[in-house]
Amino acid sequence: MTATDALFQPLELGALTLPNRVLMAPLTRNRAHDDGTPWDEAAKYYSQRAGAGLIFTEATQISPEGKGYIKTPGIHDLQQIAAWKRIVDAVHAARGRIALQLWHVGRISHTSLQPDGQAPVAPSAVRANAKTFTHDGPTDVSAPRALETGEIQRVVQDYRHAAEAAKAAGFDAVEVHAANGYLIDQFLRDGSNQRTDGYGGSADNRTRFLDEVVSTVVEVWGADRVGVRLSPTGAFNDMHDSDPETTFGTAIDKLKRRDLAFLHVVEAFPGETPGDTEKSLLDRLHARWNGSGAYIANGGFDAASAADWIARGRADAVSFGRPFIANPDLAERLRRGAPLNEPDHETFYGGDQRGYTDYPALADAA
Ligand code: PHB
C-alpha cells in the first residue's frame, strides 16, 4: 500500500458503490438563475468532477421560503427539476454519482429574498449576527419570525416535496443539510432554539424536527440513499449550544435508528481551527455513530491526512471543497500525487464560467 491507497478502495455507501473515497463537498457557487433554475453550465461543471467517489451538489432550497442568498438553485418546481435532470444525466454519462443537498436556510435570509418580502422563518424570533448576500451585496440577515407549532408539518412536507422532486430528477441519493447554522441546525442548538413546545427545550425536543424531516425523506427515498450533514462544533452563522455533546449525541442516536447510508460531518469550517476540546468531542461523536452507515469527514484535509483517517478507521470517506473547485480531476491528481491548481477566491461566489468550468484537468495541462 502506498500512503494514499486507502483513498482508492471502493466503498459501499448504502445502496451505492463508490469507486473511491475522495468525495466532492457541497459548494455554494451562486450562478443559478434568479428563479432558482440551475444554469446550463452546471452540467459541464459537475460532469467535469465525475471522478469524485460521490458528488454532493451545492445546497439547494426545498421551497421559495428556504432561500437565503441570491442565485442559489432550488428543487421545488418543474423547470428546476428539468434543469437538474440535465445535470444528473451529464454526470451519469461521465460515469459519476451525484447526491442532492436539501436545504432550508431558516433565519439566514433577507426579506428581499423571501416570497412577498416576508420575514424569514426560524424556530425562534432570534436574529443571527450574520450576513447573507442579496442584490445589494453582503447584507445583515433580517429578523426572523418563529414558526407556529402547527406550521412545522408544512415545512416537513416541503422537504417531502423536494425529496420527490430530487427523485424525479434522477439523483443517486440525497443529503439532508442539518449543518452550518441553517434551519435544521437552528432547531438543534439552544442558542437559536428557545421554543417552549415539543420542538424546544430538551435535546430530545430540539432533535425532533431533524428526525421528522429525515423520516419523511427516508419514506421517499429509502434509508440506503439518504444521509445527513451535521456541524457539531461549527460557529458559522452565529451558532452556539450550551452542551453540544448532549445535543449532537442525541441527534446521532436518533439518526442511527434510521439506518441511513451516511453521516457527513463538517469537522472544520474555512476560517475555523478546531481546538483540542472540539477535536475530542468530534472523536466521541464519531465513535457514537460508528457501526451505523458510512462516516464522511469534511474540512481542511489533504491527501495524506484523508488517507490516514481512513486507514485508522476515523472516517470511511473524506469530502473536499475548495480543492474540488480548482481541480475537476482531484481524485486522479491525488492518486497520481500530481500538483494541484490553486483556487481563486474571487470567483467562488457568483460570476460566469471563469473560476467555474475553466480550471484545467491534468490531460488539458499536458
Ligand atoms: C454559503 O453560501 O456561504 C454557505 C452555504 C451553505 C453552507 C455553508 C455556507 O453549508
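Residues numbered from 1 in each chain as written. Predicted model: local features only at pLDDT ≥ 70, side-chain atom pairs only at ≥ 80, totals over all residues. Heavy atoms only, no water.

Chemist: In this structure, what is going on with the site of the ligand? I would like to understand it.
Modeler: In the vicinity of the ligand, the contacting residues are Thr28, Tyr69, Trp103, His177, Asn180, Tyr182, Phe236 and Phe269. Between the ligand and histidine 177, the relevant distance is 2.7 Å, taken from an oxygen atom to a side-chain nitrogen or oxygen of the residue. Between the ligand and asparagine 180, the relevant distance is 2.6 Å, taken from an oxygen atom to a side-chain nitrogen or oxygen of the residue. Computed on the free molecule, the ligand has an accessible area of 280 Å², of which 85% lies beneath the protein chains in the complex. In terms of residue class, the shell around the ligand is made up of 5 nonpolar, 3 polar and no charged. (Near = heavy atom within 4 Å. Polar contact = N/O pair within 3.5 Å; in protein donor to acceptor, adjacent residues only side chain to side chain. Areas by Shrake-Rupley, 256 points an atom, 1.4 Å probe, with all protein chains shown as cover. Nonpolar A, V, L, I, M, F, W, Y, C, P; charged D, E, K, R; others polar.)

Chemist: Is there a simple way to explain the pattern of salt bridges in this structure?
Modeler: It is possible for side chains of opposite charge to pair when their charged atoms get near one another. Tallying each qualifying case throughout the model produces 23 salt bridges. A salt bridge links aspartate 352 to arginine 354; the shortest N-O distance between them is 2.5 Å. Under the relative-accessibility criterion, arginine 354 is labelled exposed at 55%. Through salt bridges that share partners, Glu65, Arg145, Glu151, Arg154 and Asp158 make up one connected network. (Salt bridge = Lys/Arg side-chain N within 4 Å of Asp/Glu carboxyl O. Buried < 20%, exposed > 50% of the residue type's maximum accessible area, 1.4 Å probe, protein only.)

Chemist: Looking at this model, I keep getting lost on the layout of surface pockets. Mind explaining?
Modeler: Any space left empty among the atoms is revealed by the rolling of a water-sized probe across them. Considered as a void within the structure, the second largest pocket measures approximately 180 Å³ in volume. Forming the walls of the second largest pocket are 16 residues, and the residues nearest its centre are Pro232, Thr233, Asp241, Pro244 and Leu281. Secondary structure elements with two or more residues in the lining of the second largest pocket: helix 7 (244–256) and helix 8 (276–289). Top contributing element to the lining of the second largest pocket by residue count: helix 8, with 4 residues. Its residues assigned to classes, the lining of the second largest pocket comprises 6 nonpolar, 4 polar and 6 charged. (1 Å grid on protein atoms, 1.4 Å probe; cavity = no way out; pocket = protein on both sides within 12 Å on 5 of 7 lines; lining within 4 Å. Points joined across faces, edges and corners; volume = space filled by probe spheres on them. Helix = DSSP H or I, 4+ residues; strand = E, 2+ residues; numbered from the N terminus.)

Keep in mind that these numbers describe shape and distance, not what the molecule does.
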